[in-house]
Each structure stands twice: as C-alpha cells, then as structure tokens.
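Architecture at a glance
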Amino acid sequence: MLDVRYRAARQRVADVVSTLSDDQLRTPVPATPGWTVHDVLAHLVGGAADLSSGRLDGAPGDAWTARHVGERRHQSVAELLAEWERVAPGTESALAQSKLSGPNLAGDVIGHEADLREALRLPRPDRAHWQPVLEVMMALLARRLRHSTALLIRDEHGQQWRCGSGDPETLLRADGYELLRGTFSRRYQRQIAAWDWTPAPTTQMTELFGLFGPRDDDQSIPLG
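Residues numbered from 1 in each chain as written. Predicted model: local features only at pLDDT ≥ 70, side-chain atom pairs only at ≥ 80, totals over all residues. Heavy atoms only, no water.

Quick look at the overall build of the chain now. When helices and strands are counted, the chain shows ten helices and four strands. Beginning at the N terminus, the succession of helices and strands in the chain can be written as α-α-α-α-α-α-α-β-β-β-α-α-β-α. Here the C-alpha radius of gyration of the chain, 18 Å, is about what a compact globule of 224 residues would show, namely 17 Å. On the principal axes, the C-alpha backbone points of the chain span a range of 55 × 40 × 30 Å. Here the chain, with 224 residues, has 51% of them falling under the buried criterion. Nonlocal contacts in the chain, meaning residues at least 24 apart in sequence, comprise 66% of its contacts between residues at least 6 apart. As displayed, the chain offers around 10,600 Å² of accessible surface, 53% of which is attributable to carbon and sulfur atoms. Counting 26 positive and 30 negative side-chain charges, the chain places the averaged centre of each group 3 Å from the other. (Helix = DSSP H or I, 4+ residues; strand = E, 2+ residues; numbered from the N terminus. Rg over C-alpha atoms; globule rule 2.2 N^0.38 Å. Buried < 20%, exposed > 50% of the residue type's maximum accessible area, 1.4 Å probe, protein only. Contact = heavy atoms within 4.5 Å. Areas by Shrake-Rupley, 256 points an atom, 1.4 Å probe, with all protein chains shown as cover. Lys, Arg positive; Asp, Glu negative; His and termini not counted. Charge placed at Lys NZ, Arg CZ, Asp CG, Glu CD.)

What follows concerns the domain arrangement of the chain. Domain assignment breaks the chain into domain 1 (2–120) and domain 2 (128–208). Taking only C-alpha atoms into account, the centre of domain 1 sits 27 Å from that of domain 2. Listed per partner, the contact involves 15 residues of domain 1 and twelve residues of domain 2. For the domain 1 and domain 2 pair, buried surface summed over both sides reaches about 1,100 Å², with 57% attributable to carbon and sulfur atoms. Counting every contact that joins domain 1 to domain 2 gives four salt bridges. (Domains from an automatic or database assignment. Buried area = accessible area lost by both parts, 1.4 Å probe. Salt bridge = Lys/Arg side-chain N within 4 Å of Asp/Glu carboxyl O.)

Turning our attention to the sheet that holds strand β2 (residues 160–163). One open sheet accounts for four strands, arranged β2-β1-β3-β4; its pairing is mixed. Both outer strands of the open sheet, β2 and β4 (196–198), are each paired with one neighbouring strand and no more. Taking each pair of neighbouring strands and ignoring which way they run, the sheet shows an average axis angle of 15°. By the bridge criterion, four bridges tie strand β1 (residues 151–154) to β2 in an arrangement that is antiparallel. Bridge pairing in β2 places leucine 152 opposite arginine 162. Set on the sheet, helix α7 (residues 127–144) makes contact with β1 and β2; between it and β2 the angle comes to about 20°. (Pairing = 2+ DSSP bridges. Axes fitted to C-alpha atoms, helices over the stretch in contact; angles between N-to-C directions.)

On the secondary structure map, aspartate 126 appears in the loop between α6 (105–119) and α7. By relative accessible area, aspartate 126 is classed as exposed at 51%. Along the chain, aspartate 126 and serine 18 lie 108 residues apart, while their C-alpha atoms are 20 Å from each other.

Moving on: the pairing of β1. From the end of β1 to the start of β2, which pair antiparallel, there are five residues, and glycine 158 there has a positive phi angle of about 85°. Pairing of β1 with strand β3 (residues 170–173) involves four bridges; the strand directions are parallel. Counted as the bridge partner of isoleucine 153 is leucine 172 from β3.

In this structure, the amide linkage connecting threonine 198 to the following residue, proline 199, adopts the cis form with an omega of -10°. As for its placement among the helices and strands, proline 199 is situated in the loop between β4 and α10 (203–207). Its identity is not glycine, yet arginine 121 carries a phi of approximately 60°, on the positive side. The exposure class assigned to arginine 121 is exposed, which follows from its relative accessible area of 68%. For serine 185, which is not glycine, the phi dihedral falls at a positive 60°. Inspection of the secondary structure puts serine 185 in the loop between α8 (176–183) and α9 (189–193).

So, in structure tokens, the structure goes:
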C-alpha cells in the first residue's frame, strides 16, 4: 500500500511542478528554510534515487538531503522528473515491503507536497491523501508524550487521539490538516500554543508536538 500512496503523491507533485515558471521554481519554501521549490523537488528525486540504489549512508540527516539538492541544482524540471520516473519502480518496490508505522519516503513526499502547495499558495491537498499519515503521526506523538499529563486531541470531524496518562486531562480541538502540519514540525510553537486548548498546554506538549523538533519561525497557513 505504501508504494501505491507514494506513486500517487509523486504524480501529484509532478503535475504541480511541471506547470511552474522559472520564477515560481525559485520560490522559497518556508517549511524547509534555505530551499526553493526546485530544491524540494531535487530532494524528493534524490531520496528516491538513493533508496532504489541502496545509497543510504547518512540518511535521513541534513548532509544526506543537502547532497540531493547539490547534485541536482542545475537540472531542469524535465530532467528531474525523468530521473524520478526512472528510479520510481525501485523505490516503490522497497516501499511495498514496508508498513506505514514511521518516517519513510511515502510520508516524506506527502509532507513535502504540502510544503510546496503552501509555498505556492495553492489549496491544501485532499484529506484522503494525508489522513493515513496523520494517523501514524498521532501515534508517534502519543509515544513522545507518554510521560505527560493526559491529552485528548479531537479534530473537526470528531476523530480523537489520546496521549499521556493521569490527570488532569487537557483537551485540544484542532483542524486535522493543522495537526498533520504541526506533527511534521511545520508549525511554530506559538502557533501550536494558540490552538484551542483547554486548559493551556504545558511547555512539554508544544515542544514535543513536532516529530522533527520545535521551531520558532513563522509558518503561513494555507488556503482551505
């Protein structure tokens, strides 16, 4: 199933970037500081190429992802998409043997798809595309908050997730997409603290919310 989700997300990203002008490709992506839209695409292609070839030394660290960007900095979108198409079968074969239980390239491309759409001021992706990833991210959040006071999280559709243990219980009401972005460390701490919490969250809750650590830089909220 991961291979199917990855293939669909790859095609959605390709559909977006293939229509962009050179100026749009140079658009900074706030969710990935220092990267442009072209850089994010280069990373996605590089990650796929590395997984399919087994070149995973340093993954998933900053030097590994920076290499993806550096090696493809001067390639056109057409060249990048052609390479992605070429290496995708190997990537999908590896993903077909994995489960959606933690960070992987399927979750990575879905997360970066949202990064790109926010940077380009496009509407958010359809919920069906990211809901399974949200479930995994919430499970990972529960693991990080297992020693916190009890936290009940409820999205706009009434879905609920419980974290922590003991009393008193804190209630968080938040949009599912924002929960996804927050757990991907795509929302800064003051944004997370400003959500609908009853009572106010502890520092531990906001600091541990993002899987990739807390951040303090402002992140724009995309169109609905």
